[in-house]
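# Summary of the model geometry
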Amino acid sequence: MSIAAPFRACLDLVFPRTCSACREPLFEPRIRLCDECAADLAHHVGGEYCAQCACDAGPHLLVNGRCSDCRVHSRPPVSRIVRVGRHRGTLRALVLAYKYERVLDDLLGDWMAHASQSVISEAEVDTLVPIPTPLIRRWRRGFHPADLLARRIASRTHLVVTPLLAMARRVRPQTGLSATEREENIRGAFRCISPRRTAGRSICLVDDVCTTGATLREAARALKAAGAQRVMAVVISRAVLSDPAQS
Ligand SMILES: [Zn+2]
Ligand SMILES: [Zn+2]
């Protein structure tokens, strides 16, 4: 037994490891979710969803992988949105914990890489582009969630991360806003910082959560205005604005 093991055991007694989702103490240090949360997670990961907006297929049939809302938009700014799961239960708890405390970024990034791998290669993606975070929020958190996730996906897919976007102006947080308010709040929020490295490229945007898709659409518009050929996106979870369990 190494000298570190008894020290680790004492440390776990003083500061017991807790489940990353519900914060219940864990007694098996290699596992980061309790049994209940692990079982709940299985209900919210995967599932059939629309390839364009990443919403659950629900009772409506998908036609060519798209829901009835998306079929009316023939040329959306974001061609596809890949998600790990729906923004509910344990997956939602993990996304929120990650956003504010940076836990499990390796695991979440691995899930995103796994979920998006085939679509990324089909779309012949050249580079991953994280959605920018306002400087003040980045400073308060001490990290940039989308950037860390993009770097983890890059390490698993052999793509590169190119921060092609920056904030063009200040925006209010989107939380608590209606779909229309979100669209207005984010309009013109991003600018492409290198049209030379954007023109003709196939780009995959990376963000933690997608709620109405307004942020991803606006980012894609900025990239397309700079000449990007194609823009898709990968997120951990897809929320639905009208669902109080997902706010
Ligand atoms: Zn738990
Ligand atoms: Zn859809």
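Above this text sits the structure in question.
These notes cover the structure that comes with them.

Reading guide: rules and limits
Residues numbered from 1 in each chain as written. Chains lettered and ligands numbered in written order. Predicted model: local features only at pLDDT ≥ 70, side-chain atom pairs only at ≥ 80, totals over all residues. Helix = DSSP H or I, 4+ residues; strand = E, 2+ residues; numbered from the N terminus. Buried ≥ 20, exposed ≤ 12 C-beta atoms within 10 Å, placed from the backbone. Contact = placed C-beta atoms within 7 Å. Core = buried A, V, L, I, M, F, W, Y, C linked by C-beta atoms within 7 Å. Expected span 1.5 Å × (residues − 1). Pairing = 2+ DSSP bridges. Axes fitted to C-alpha atoms, helices over the stretch in contact; angles between N-to-C directions. Parallel < 35°, antiparallel > 145°, perpendicular 65-115°, else oblique. Left-handed = near helix turned anticlockwise from the far one by under 90°. Right-handed = clockwise from strand over helix to strand, strands pointing away.

Moving on, we get to the overall build of the protein. Secondary structure summary: the protein contains ten helices and seven strands in total. Split into buried and exposed, the 247 residues of the protein put 36% on the buried side. Within the protein, contacts between residues separated by at least 24 positions form 72% of all contacts whose residues are at least 6 apart in sequence.

What follows is about the nonpolar core. Counting 62 residues, the largest nonpolar core has M112, C204, L205 and V206 as its most contacted members. With near-sequence residues (within four places) excluded, L205 lies in contact with V129, I131, L216, A219, A220, V231 and A233.

In this section: helix α10 (residues 214-225). Here α10 is twelve residues long and its end C-alpha atoms lie 16 Å apart, about the 16 Å a rise of 1.5 Å per residue gives. G227 lies just past α10 and shows a positive phi near 105°.

All right, on to the sheet that holds strand β1 (residues 81-86) then. Pairing is parallel in the open sheet, where five strands are placed in the order β1-β7-β6-β2-β3. Edge positions in the sheet fall to β1 and β3 (160-161), since each has one partner strand and no second. Bridge analysis of strand β6 (residues 202-210) against strand β7 (residues 230-238) gives eight bridges, and the strand direction is parallel. Opposite D207, over in β7, you have V235 as the bridge partner. Taken strand by strand, α10 contacts β1, β6 and β7, and its axis lies near 160° from that of β6.

Across two bridges, strand β2 (residues 127-130) lies against β3 in parallel orientation. Within β3, the position partnered with T127 by the bridge is V160.

Another aspect to go through is helix α7 (residues 145-157). The terminal C-alpha atoms of α7 lie 18 Å apart, and with 13 residues this matches the ideal 18 Å at 1.5 Å per residue to within 8%. Those residues of α7 lying buried are P145, A146, L148, L149, A150, R152 and I153. Looking at the buried side of α7, the elements it contacts are α4 (89-101), α5 (105-122), β2, β3, β6 and β7. In the stretch just after α7, H158 is the one whose phi turns positive, near 65°.

Turning next to the packing of α5 against α7. In contact at an axis separation of 8 Å, α5 and α7 are set at 55° when each is read in the N-to-C sense. By the angle between their directions, the pair α5 and α7 is classed as oblique. Considering how the two elements wind past one another, α5 and α7 form a crossing that is right-handed. Residue-level inspection shows D105, D106, L108, G109, D110, M112, A113, Q117 and I120 of α5 in contact with α7, the latter providing L148, L149, R152, I153, R156 and T157.

What follows deals with the pairing of β6. Regular strands show a simple pattern: their side chains alternate between the two faces of the sheet. Counting buried positions along β6 yields eight of nine residues, so the element is predominantly enclosed. Sheet analysis places β2 next to β6, joined by four bridges and oriented parallel. By the bridge assignment for β6, L128 is matched with C204. Chirality of the crossover, the property in question, places the unit of β6, α10 and β7 among those that are right-handed.

All right, on to unusual backbone geometry then. If you check the backbone angles, A54 has positive phi at about 70° while not being a glycine. Topologically, A54 is positioned in the loop between α2 (35-44) and α3 (68-71). Located in the positive-phi region is N64, a residue other than glycine, with phi close to 50°. Residue position: N64 is located in the loop between α2 and α3.

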